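Per-entry structural report
This is what each chain is made of:
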Amino acid sequence: MKNRYFAAAVIAALSAGPVVAQESDTLRVGMSGGYFPFTFVSQNELQGFEVDVMNAVGEEAGLEIEFETMSFSGLIGALEAGRIDTIANQITITPEREAAFLFTQPYVIDGAQVVTREGNDEIDGVDSLRGKTVAVNLGSNFEQLLRELPFADEINIRTYESNIEQDTALGRVDAFVMDRVSSAQVIKESPLPLQLAGNPFSEIRNALPFRNDEEGREMRDRVDAALTALREDGTLTEISEKWFDSDITSAPEE
Amino acid sequence: MRALDLDYMLGLVPVILGYVPLTLFMAVMAMLMALILASMLAVERVFRVPVLDWLVMLFISFFRGTPLLVQLFLFYYGLPQVLAFLTQINGVTAAIMGLTLHFSAYMAESIRAAITGVDRSQWEAARSIGMTQWQMMRRIILPQATRVAAPTLVNYFIDMIKSTSLAFTLGVTEMMGAAQKEAAGSFLYFEAFLVVAIIYWIIVEVLSQGQKRLEIFLNRAYAR
């Protein structure tokens, strides 16, 4: 009897891997759990904008959503290795990533923002970062954006696994760069002495990446259809208003 | 200086305590496997089996000569690129395996020292009454070596409990990972890391009391 349970467990464990390409109704979503207010943990409960969006997608598409939290820099590798099916962590569409993954439509349109310690008026945007030390999250698109600046070699870029806000507040670095929406939210909600420095300097579009294979394509199409439906019935706007008091899910009409 | 947010800290205590079983599970599993592996390595080092001895020395040299964090990363993020089936291993298993290999290298050395530390007369006496090598080890040498090795082995166990905090770099939400995530949401870093530090401290203090009792128990034959 015991052996049969053991055998069943072994079979279950073996078939859980990415090797088996079967119609699956579970979507394993990777996120860092450390990017306020998109994905964060409070009182042991995973929450945030991304969590709400993915739960809505799951309901719309009839998918069971399983969240897996891991360090941000490990997320892309986990997607490639098949440990997870997609990443909901403000993944910006870049040409490099588009070559490797299939993306859904963008569900957040945002800008890159420089943030500095409160009272540091020396820095008023990306152009004043010359000769300064700037923190970014390791593996994030903001690191790439900084390295592409014409004066990139004059900026001392420091990559972090986490806690860039804290090191900026402590004055260990002069500024950090992250998306505009979460920056504004961090300044509003956290006790850290921080301020926005100037205007956003680049438009970024965030979407959900999937592996470029048959299973990934199928899942991408299902999730993308769900996003379209959630956009049309106003759910995306509603979730955005809940976390940001504004709609960040579509392009500003100008 | 701002005041500590005590309410937040109190609220965090049950959250972090919820991860104590996972931390202890990883440490106890790794300790049991490391004890077995280290004993085998140590016995080999005492008897110096040809060829095998060279491999054991290489093993010990590598796992003592490189940091645990490097070993965990090599094992969890690096090796799967070469051996695809390793992607099936989850973070908890990888952490336990990493801790086992790392600490068995150290523990082997202290067990070996304890074995060779047993007085020559004991070995000779055992041989003179016709004991086999296995009987001698089991009945004469190891019981005496255990007493000598026990304090250092418990120290390695304490070190192991604290080293499980590195598992969060493999995506395992254990005590440290939970604290890190709570801090990333609340930005109350000092409070979050202080709570997790105090809980580790209490666990280790409790173990230290157990260590004292164990030493008294093992020394009872020598008490004067």
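It should be noted that the structure appears before, not after, this text.
So, here is what we can say about the structure in this document. (Residues numbered from 1 in each chain as written. Chains lettered and ligands numbered in written order. Predicted model: local features only at pLDDT ≥ 70, side-chain atom pairs only at ≥ 80, totals over all residues. Heavy atoms only, no water.)

All names here are of chain A. If you check which residues of helix H3 (residues 72-81) are buried, you get Phe72, Gly74, Leu75, Ala78 and Leu79. Mapping the buried residues of H3 onto a view down its axis gives an arc of 145°, with all of them on the same face. Looking at the packing, one finds that the buried side of H3 touches strand E1 (26-31), strand E6 (86-87), strand E7 (101-103) and strand E14 (209-211). Backbone geometry just downstream of H3 places Gly82 in the positive-phi region, at approximately 80°. (Buried < 20%, exposed > 50% of the residue type's maximum accessible area, 1.4 Å probe, protein only. Helix = DSSP H or I, 4+ residues; strand = E, 2+ residues; numbered from the N terminus. Arc of directions from axis to C-beta. Contact = heavy atoms within 4.5 Å.)

Turning our attention to a nonpolar patch on the surface. Residues and elements named next belong to chain B. A cluster of nonpolar side chains, contributed by Phe47, Val49, Val51, Leu52, Trp54, Leu55 and Leu58, occupies part of the molecular surface with about 680 Å² of accessible area. If one sorts the elements of the nonpolar patch by residue count, helix H3 (residues 52-65) sits on top with four residues. Tracing the chain through its elements places Leu52 in helix H3. For Leu52, a relative accessible area of 42% puts it in the partly exposed group. (Patch = residues over 30% accessible without salt bridge, like charges linked within 9 Å, V, L, I, M, F, W, Y side chains within 5 Å. Areas by Shrake-Rupley, 256 points an atom, 1.4 Å probe, with all protein chains shown as cover. Salt bridge = Lys/Arg side-chain N within 4 Å of Asp/Glu carboxyl O.)

Time to look at helix H1 (residues 6-17) of chain B. Residue and element names in this part refer to chain B. Taking 1.5 Å per residue, 12 residues should reach 16 Å; H1 reaches 17 Å between its end C-alpha atoms and fits that length. Within H1, burial applies to Tyr8, Met9, Leu12, Val15 and Ile16. In an axial view of H1, the angular spread of the buried residues amounts to 115°, which keeps them on one side of the axis. Exposed side of H1, more than 90 degrees from the buried face: Leu6, Asp7, Leu10 and Pro14 are the residues found there. (Expected span 1.5 Å × (residues − 1).)

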